[in-house]
Amino acid sequence: MSDFGAQSTTDEVLAGKDMSGMTVFITGGNSGLGLETGRAMSAKGAHVVLAGRDQSKLDEAVAAIRAEHPNGELETIICDLGSLESVRKCGADAAERFDKIDLLINNAGVMACPQSMTADGFETQFGTNHLGHFLLTKQLIPLIEKGAARRIVNLSSRGHHFAPVDFADPNFETRSYDPWVAYGQSKTANILFTVGLEQRFAGGGVHAYAVHPGGIQTNLGRHMTEAQSAALIERVSKSDPDFAWKTIPQGAATQCWAATAEKLEGTGGVYCEDCHVAEISDQSPKSGVRSYALDKSNADKLWSLSEELVGESFAA
Ligand SMILES: NC(=O)c1ccc[n+]([C@@H]2O[C@H](COP(=O)([O-])OP(=O)(O)OC[C@H]3O[C@@H](n4cnc5c(N)ncnc54)[C@H](OP(=O)(O)O)[C@@H]3O)[C@@H](O)[C@H]2O)c1
């Protein structure tokens, strides 16, 4: 299925590609995998828009990419995914500033934070990782439909194995909060959203891909105590004795692959890991995608719930 694998890097996956003339919009573009994706695509000539919630961090990210590629076509845009108002403002700003978006990389994320709520009262991980991206994608879809590549990549995680979406209580109002169940739920939502996008927009040539990047040491672990980190590493090593951390360029390779691979042309609604489309597995702790995360009726339920929660319909 793919010439690339777990050790492939962004530069290897994008080798030989000319991305000039393409506009790439990356959420969480100031850090970790988003920044690396921006760097690698800028090196291939793409017009890269780094989205984030903190202008000074975005400026630092642009400076870091420019240090390597002084002529990179880079822009920044403010988008706090934990605020529907900020997401709507970002959508309006993008509509004014850009003619089209070829690739939308919904990469930003927060993991295993203490129980808290977004500005609109959603549990922080479900609200930021899923609902913020749901509304942002709705805002940006008219620009994506004007693009040539028309791909949307949603960063999920193998953490989706931890939990399906609880449609009755997505915000932990009646069940007790567990940071990993909340992360797992949000990352399952990223895959179901991918399925929902594919169902609605593939007919118009827009395709969506969910990605597990691997295990990479980035700022994502910022909410974990040392004890929680150690427990996570022990859990991962037990379930996958071959587990190895990826470098950031290896970690960002799968999203670059999903965004550009010719082999994926005309298909979507799939979950990718290690630069290939993963198999469905309801058992393996080491790899694969759970069937509940690809289930079309779950995808429809999540779509309706998300429309209700953000207060807007999102139709093709
Ligand atoms: N690293 C891994 O091992 C791993 C494994 C599986 C999946 N993933 C997924 O990969 C994606 C990228 O993670 P990473 O490892 O690169 O982590 P990272 O270095 O922590 O980057 C996360 C990015 O998301 C942004 N973000 C968080 N909350 C936001 C909000 N409310 N509004 C806008 N932006 C927000 C952060 O911005 P600030 O700097 O302003 O906080 C940062 O730019 C995430 O979706 C994560 O779930 C990562």
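Residues numbered from 1 in each chain as written. Predicted model: local features only at pLDDT ≥ 70, side-chain atom pairs only at ≥ 80, totals over all residues. Heavy atoms only, no water.

A. Looking closely at the nonpolar core. Counting residues in hydrophobic clusters, the biggest one holds 40 residues, and the most contacted among them are Phe25 and Leu140. At the level of elements, β2 (47-52), α4 (84-97), α5 (124-145), α6 (179-201) and α10 (296-310) are the ones that each hand at least two residues to this core. Here this core takes 9 residues from α5, the largest share from any one element. Apart from the residues within four sequence positions on either side, phenylalanine 25 is in contact with Val49, Ala51, Ile77, Cys90, Ala94, Phe98, Ile101, Leu103, Leu104, Ile105, Leu136 and Leu140. Val13, Ile26, Ala258 and Leu264 belong to the second-largest nonpolar core, a separate cluster that totals 34 residues. (Core = buried A, V, L, I, M, F, W, Y, C linked by side-chain atoms within 4.5 Å. Buried < 20%, exposed > 50% of the residue type's maximum accessible area, 1.4 Å probe, protein only. Helix = DSSP H or I, 4+ residues; strand = E, 2+ residues; numbered from the N terminus. Contact = heavy atoms within 4.5 Å.)

B. Structural view of the side chain of asparagine 106. If you trace the backbone, asparagine 106 turns up in strand β4 (residues 103-106). Ignoring sequence-local partners within four residues, the contact set of asparagine 106 consists of Thr27, His133, Leu136, Thr137, Ile152, Val153, Asn154, Leu155 and Phe193.

C. Spotlight on the sheet that holds strand β3 (residues 73-78). What the 8 strands build is an open sheet, ordered β3-β2-β1-β4-β5-β6-β7-β8; its pairing is mixed. With one partner strand each, in any of the chains shown, β3 and β8 (276-277) form the two edges of the open sheet. Pairing between strand β7 (residues 270-273) and β8: 2 bridges, direction antiparallel. By the bridge assignment, glutamate 273 is partnered in β8 with histidine 276. Of the strands in this sheet, β2 and β3 touch helix α3 (residues 55-68), which is tilted by about 170° from β3. (Pairing = 2+ DSSP bridges. Axes fitted to C-alpha atoms, helices over the stretch in contact; angles between N-to-C directions.)

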